[in-house]
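One-letter residues, chain by chain:
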Amino acid sequence: MRLKYVLSEVMVGLWRNVTMTIAMIINLAVSLTMVGASGLMYLQVDTMKERYYSDIEVSIFLANEVSDQQRADLNTALESDPLVRDVVYESREQAYERFKEMYRDAPDLVNAIKPELLPESFRVRLVNPEQYELIYDKYKDTEGIDEIIDQRRLLEKIFNILGSIQNLALIAASVMAVAALLLVANTIQVAAYSKRREVAVMKLVGASNWFIQAPFVLEAVVAGLLGAILGFAALVLGKVFLLDRSLRDLTDLLTPIEWSNILLMFPFMAGVGALFSAITAWITLRFYLRV
């Protein structure tokens, strides 16, 4: 009987202030969408790091005057190095063919470059890409080497930019969340004020604090869950219409977002929406509703 009464009061409370309830749910939905998108971005950047770091190469460019013996000694040293997973020698002709493929849309540039202008190199993949500094320190003074370049340094600049975007998205989501929770607090305060006489009667007949506060707290929880559902729907639509359609040509650059990660966001968003809404409602009642 008590549970039925509490649930009926929740529905009545939500309907009584329907415009504020709708505003609260929409605000929560926007905030939770941004929270979910931030979570997906964190997961996606980690996935991209794993993908790109596994394919990273250290390019060891040889000097123009490198001798056959120096080239052979370096090749032997690299193939026997425990830090190296595999090594591939690239001649000037092979470098030129790769250059032509990379810049096939710029024929004037390709025609201006001759094979003899491009250096020979060894393309080295490491067992652990994080150990680039060890390889660099080990071979930087080797005769016949002109320059050692690690692709990871270039990728880290990209990932630093993505990390900044992550932080900005998280900050924006936090600001929106604070605004949503303030609206939750205001809605609960208005609901409590509109029922102040009923609350006074319940206090006189000995109703417990939990019994009086439960409908208000559950109103906030329901609003948080509805906001999470709308936010999750927005993520699904973004995945289907934006990532899988509009940006599908960028799959070589951006790793696709898996549905498992999208589904993982729903319990996270629902938990955050329900928990923080409940806490906000409870704190509001403790300060506003003297029970």
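Residues numbered from 1 in each chain as written. Predicted model: local features only at pLDDT ≥ 70, side-chain atom pairs only at ≥ 80, totals over all residues. Heavy atoms only, no water.

Chemist: A description of the nonpolar core should follow, citing residues and the corresponding values.
Modeler: Core analysis: the biggest nonpolar cluster contains 17 residues, and Val58, Ile60, Leu74, Leu78, Phe122 and Val124 have the highest contact counts within it. Those residues within four positions of phenylalanine 122 in sequence are excluded, and the remaining contacts are Val58, Ser59, Ile60, Leu62, Arg71, Leu74, Asn75, Leu78, Val87, Val88 and Tyr89. Counting residues in hydrophobic clusters, the runner-up holds 15 residues, among them Ile25, Ile188, Ala274 and Ala281. (Core = buried A, V, L, I, M, F, W, Y, C linked by side-chain atoms within 4.5 Å. Buried < 20%, exposed > 50% of the residue type's maximum accessible area, 1.4 Å probe, protein only. Contact = heavy atoms within 4.5 Å.)

Chemist: Please provide a residue-by-residue account of the environment of glycine 163, values included.
Modeler: Note on placement: glycine 163 falls in helix α7 (residues 151-194). You can call glycine 163 buried: its relative accessible area is 14%. Distance from glycine 163 to tyrosine 42, taken between C-alpha atoms, is 8.2 Å for residues 121 residues apart in sequence. (Helix = DSSP H or I, 4+ residues; strand = E, 2+ residues; numbered from the N terminus.)

Chemist: Account for helix α3 (residues 68-79), naming residues and giving values.
Modeler: With 12 residues, α3 extends 17 Å from end C-alpha to end C-alpha; this agrees with the ideal 16 Å at 1.5 Å per step. All of the buried residues in α3 are Arg71, Leu74 and Leu78. When α3 is viewed along its axis, its buried side chains cluster within an angular range of 65 degrees and face the same direction. In this structure, α3 carries Asp68, Gln69, Thr76 and Glu79 as exposed residues pointing more than 90 degrees from its buried face. The elements touched by buried residues of α3 are β1 (58-62), β2 (84-90), β3 (121-126), α6 (132-139) and β4 (145-150). (Expected span 1.5 Å × (residues − 1). Arc of directions from axis to C-beta.)

Chemist: How would you summarise the environment of glutamate 116 if you had to cite specific residues and measurements?
Modeler: Residue placement: glutamate 116 occurs in the loop between α5 (107-112) and β3. Using a relative accessible area of 55% as the deciding quantity, one classes glutamate 116 as exposed. As a C-alpha pair, glutamate 116 and alanine 95 span 21 residues in sequence and 9.8 Å in three-dimensional space.

Chemist: Could you give an account of the packing of aromatic side chains, with specific residues and numbers?
Modeler: Each aromatic ring pair is characterised by the separation of its centres together with the angle its planes make. One pass over the full model with this rule turns up two aromatic pairs. Taken together, a centroid distance of 5.4 Å and an interplanar angle of 55 degrees make the contact between tyrosine 89 and phenylalanine 122 tilted. In this pair, tyrosine 89 is assigned in strand β2 and phenylalanine 122 in strand β3, connecting sequence segments 33 residues apart. A residue is classified by how much of its surface remains accessible, and phenylalanine 122, at 1% relative accessible area, is buried. (Phe/Tyr/Trp six-rings, centres within 6.5 Å; stacked < 30°, edge-to-face > 60°.)

Chemist: Describe the pattern of salt bridges, listing the residues and the values that go with them.
Modeler: Inspection of every chain in the model, using the stated rule, returns nine salt bridges. Arginine 71 serves as the salt-bridge partner of aspartate 68, at 2.8 Å between the closest nitrogen and oxygen. You can see aspartate 68 and its partner arginine 71 sitting in helix α3, three residues apart, about one turn around the helix. Look at arginine 71 and you get buried, because its relative accessible area is 19%. Aspartate 86 is the salt-bridge partner of arginine 85, the closest N and O atoms lying 3.8 Å from each other. Overall, the relative accessible area of 31% leaves aspartate 86 in the partly exposed class. Taken together, the shared-partner salt bridges in this structure form one network comprising Asp68, Arg71, Arg92 and Glu120. (Salt bridge = Lys/Arg side-chain N within 4 Å of Asp/Glu carboxyl O.)

Chemist: An account of the sheet that holds β4 is needed here, citing residue identities and associated values.
Modeler: Read across the open sheet, the four strands follow the order β2-β3-β1-β4; overall the sheet is antiparallel. Looking at strand neighbours, the two that pair on one side only are β2 and β4, the edges of this open sheet. Direction aside, neighbouring strands of the sheet carry axes that sit 20 degrees apart on average. Note: β2 against β3, six bridges, orientation antiparallel. Directly across from glutamate 90, in β3, lies its bridge partner serine 121. Where helix α4 (residues 92-102) meets the sheet, it contacts β2 and β3, and its direction lies at approximately 90 degrees from that of β2. Sitting on the sheet, α6 touches β1, β2, β3 and β4, and the angle it makes with β4 is about 175 degrees. (Pairing = 2+ DSSP bridges. Axes fitted to C-alpha atoms, helices over the stretch in contact; angles between N-to-C directions.)

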